[in-house]
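Letter by letter, the chains look like this.
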Amino acid sequence: MSSTSDLLPPASSETSGAAKTGFDALGLLPELLRAVADEGYTEPTPIQVKAIPPILQRRDVMGCAQTGTGKTAGFALPLLQFLAPQANTSLSPARHPVRVLVLTPTRELAAQVEESFRAYSKHLPLRSAVVFGGVDIGPQMKQLHAGVEILVATPGRLLDHLHQKSVNLSRVEFLVLDEADRMLDMGFIPDIKRILAALPAKRQNLLFSATFPEEVRRLAKDLLHAPVTVEVAPRNAPAELVSHQVHLVDLTRKRALLCHLIRSRDMRQVLVFVRMKRDANRLARQLKQDGIVAKEIHSDRTQVERMQALEEFKQGKVPVLVATDIAARGLDIEQLPFVINYELPHTPEDYVHRIGRTGRAGLPGEAISLVSPEEMKFLDDIERLLKRKLPRAAAADVKPESRHAQRGREAKRDHKPARHHAHAPRPQPAAAPSPPPSPSGFDYSKPYEPAPSQRPAQSEPLAAPRRGPHRPTAALLGGDPAKRHK
Ligand code: AMP
């Protein structure tokens, strides 16, 4: 079992120690500063402060950061700065060779990264494209033939393009491996090595990963030359943004507890994790039978289906998205208030990835885990990784809602447009003690957290209104499950 410190990159003799500063002080081009301002960013995130200067100095960078920290802009902005001098509006494909290649493990992340590049380069005549499997290759080929400076790709589809000679990577100057640990989990390392063979030897390499298992370190060692290591240091935040809660529950009672939590907490946007694709299908189906609108997202669904489910979820049309770890990887859902682990992941690092979906952009989020006696071992692993015991929901803490509250909720929902969900009252983080910082100071339980001045003003109370009177969950679920655990 690895500890948090094992997951961090080896201590670098050379870590970038840039002080907190505004975007202006990073030496970025006016076109990029304008794009950043258009996005509404006022201050760079910690990973941006740390990564942008060494990248601009043409150093290889090993970044320890998960999605949600603002790492995409951390590498996209300096790379765009390098591309800017040769940006042009020529129609000739020869004037638009692929110079930046970004590899990502999932289609969703690839799409999001390319979207970010497009947003940050909107004031420059640069072209970008995203290629991933599961969709027609024809339009991608057409786009590549026309020429693009920035290519974001998943490894399998990029290899298809290389075999079909629809892309030429001989002019790549900058390579980014995003979410390297997930690439490893998904078995992409051989594909990546094949792609590396098609690239010029002389190039700048950037590798980002939330965790650093041994194989990722080995890959980093082969790929990066004298890298600068950057990692997200915790901010001096008074409260944890993600609160964790564990419900000890028998396997057979999970479905009832999930429905109860969704209803009694009036959850309007919740990402529910299961381990296997078939479980995602089954649970989404069961939720629908229970009268809860839900969709599933996993790698067996077509890209169009996945994108559609995600879009409906983002818009608040579908309140529950049931996902597998792989499908949810890299999802950027603004202000996601709840993540529920219907099943615990078998690798504790996946817990970190899962909870990274909430508590983003400075707003609090809740990570709720339904843990059966069979899963206690995985809970132990997670707690060891996080170096803390996760708070158990006391049976009396979770209460079924009264009929009156239920009717009120339904009436309220009928009258509230879905778009308001983003502003729904958000849960107050439980008063759990802050975890001790890891030896490196990196706190895995805490995604990017802006300074208090950057947080949007809360126009509504944070705490969900209490409902009462209540019966304890134990009564609802037929006994106190805690007694059967451990
Ligand atoms: P990423 O970790 O790159 O997926 O970014 C997570 C989210 O943070 C995205 O929605 C970005 O648009 C947003 N973001 C990135 N940089 C900043 C910033 N400096 N200020 C505010 N939001 C940001």
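Below or above, wherever it landed, is the structure these notes cover. (Residues numbered from 1 in each chain as written. Predicted model: local features only at pLDDT ≥ 70, side-chain atom pairs only at ≥ 80, totals over all residues.)

1. Regarding the overall build of the chain
Within the chain one finds 18 helices and 13 strands. Buried residues in the chain amount to 47% of all 486 residues. Restricting to contacts in the chain with at least 6 residues of sequence separation, those with at least 24 account for 81%. (Helix = DSSP H or I, 4+ residues; strand = E, 2+ residues; numbered from the N terminus. Buried ≥ 20, exposed ≤ 12 C-beta atoms within 10 Å, placed from the backbone. Contact = placed C-beta atoms within 7 Å.)

2. Focus: the nonpolar core
It is characteristic of soluble globular proteins that their nonpolar side chains tend to be buried jointly. If you look at the biggest cluster of nonpolar residues, it comprises 117 residues, and the most contacted ones within it are Leu321, Val322 and Ile340. Of the residues that make up this core, three or more belong to each of domain 1 (4-231) and domain 2 (242-414). Sequence-distant contacts of Leu321, that is, excluding residues within four places in its chain, are made with Leu271, Val272, Lys295, Ile297, Ala309 and Phe313. (Core = buried A, V, L, I, M, F, W, Y, C linked by C-beta atoms within 7 Å. Domains from an automatic or database assignment.)

3. Focus: unusual backbone geometry
Its identity is not glycine, yet Glu179 carries a phi of approximately 50 degrees, on the positive side. Position of Glu179 relative to the elements: it lies in the loop between strand 5 (174-177) and helix 8 (180-185). At Asp266, a residue that is not glycine, the phi angle is positive and equals roughly 55 degrees. When you line up the elements, Asp266 lands in the loop between helix 11 (254-264) and strand 9 (270-273).

4. Brief notes about the site of the ligand
As a matter of local geometry, the ligand sits amid 13 residues, with Tyr41, Thr67, Gly70, Thr72 and Ala73 nearest to it. Residue contributions to the shell around the ligand peak at 3 residues, all from helix 4 (residues 71-83). (Near = placed C-beta within 6 Å.)

5. Things to note about the packing of helix 3 (residues 46-56) against helix 4
For the pair helix 3 and helix 4, interaxial distance at closest approach is 8 Å and the crossing angle is 25 degrees. What the angle tells us is that helix 3 and helix 4 run roughly parallel. In this structure, the crossing between helix 3 and helix 4 has a hand that is right-handed. Between helix 3 and helix 4, the contacting residues are Ile47, Gln48, Ala51, Ile52, Ile55 and Leu56 on the first element and Lys71, Ala73, Gly74, Phe75, Leu77, Pro78 and Gln81 on the second. (Axes fitted to C-alpha atoms, helices over the stretch in contact; angles between N-to-C directions. Parallel < 35°, antiparallel > 145°, perpendicular 65-115°, else oblique. Left-handed = near helix turned anticlockwise from the far one by under 90°.)

6. Digging into the pairing of strand 13 (residues 365-371)
By the criterion of burial, strand 13 is predominantly enclosed, with 7 of the 7 residues buried. Alternating residues of strand 13 divide into Gly365, Ala367, Ser369 and Val371 and Glu366, Ile368 and Leu370, and every residue in both groups is buried. Of the strand pairs in this sheet, strand 8 (residues 242-248) and strand 13 are connected by 7 bridges, and their pairing is parallel. In the sheet register, His244 faces strand 13, and the bridge partner there is Ala367. (Pairing = 2+ DSSP bridges.)

7. Here we look at the sheet that holds strand 2 (residues 100-103)
Ordered in space as 3-4-2-5-6-1-7, the 7 strands form an open sheet in which the pairing is parallel. Taken across any chain shown, the strands that pair with only one partner, and hence form the sheet edges, are strand 3 (128-131) and strand 7 (228-231). The mean inter-strand angle of the sheet, taken between neighbouring strand axes irrespective of direction, is 15 degrees.

8. Quick look at helix 16 (residues 376-386)
Taken as a whole, helix 16 has its buried residues at Phe378, Leu379, Ile382, Leu385 and Leu386. For helix 16, the arc enclosing every buried residue in end-on projection is 125 degrees, short of the 170-degree limit, so these residues lie on one face. The first or second residue beyond helix 16 is Lys387, which carries a positive phi of 55 degrees. (Arc of directions from axis to C-beta.)

9. Re the environment of Arg194
For Arg194, the position within the fold is in helix 9 (residues 189-197). A residue is classified by how many C-beta atoms lie within 10 Å of it, and Arg194, with 13 of them, is partly exposed. Sequence separation between Arg194 and Pro155 is 39 residues; the distance between their C-alpha atoms is 9.3 Å.

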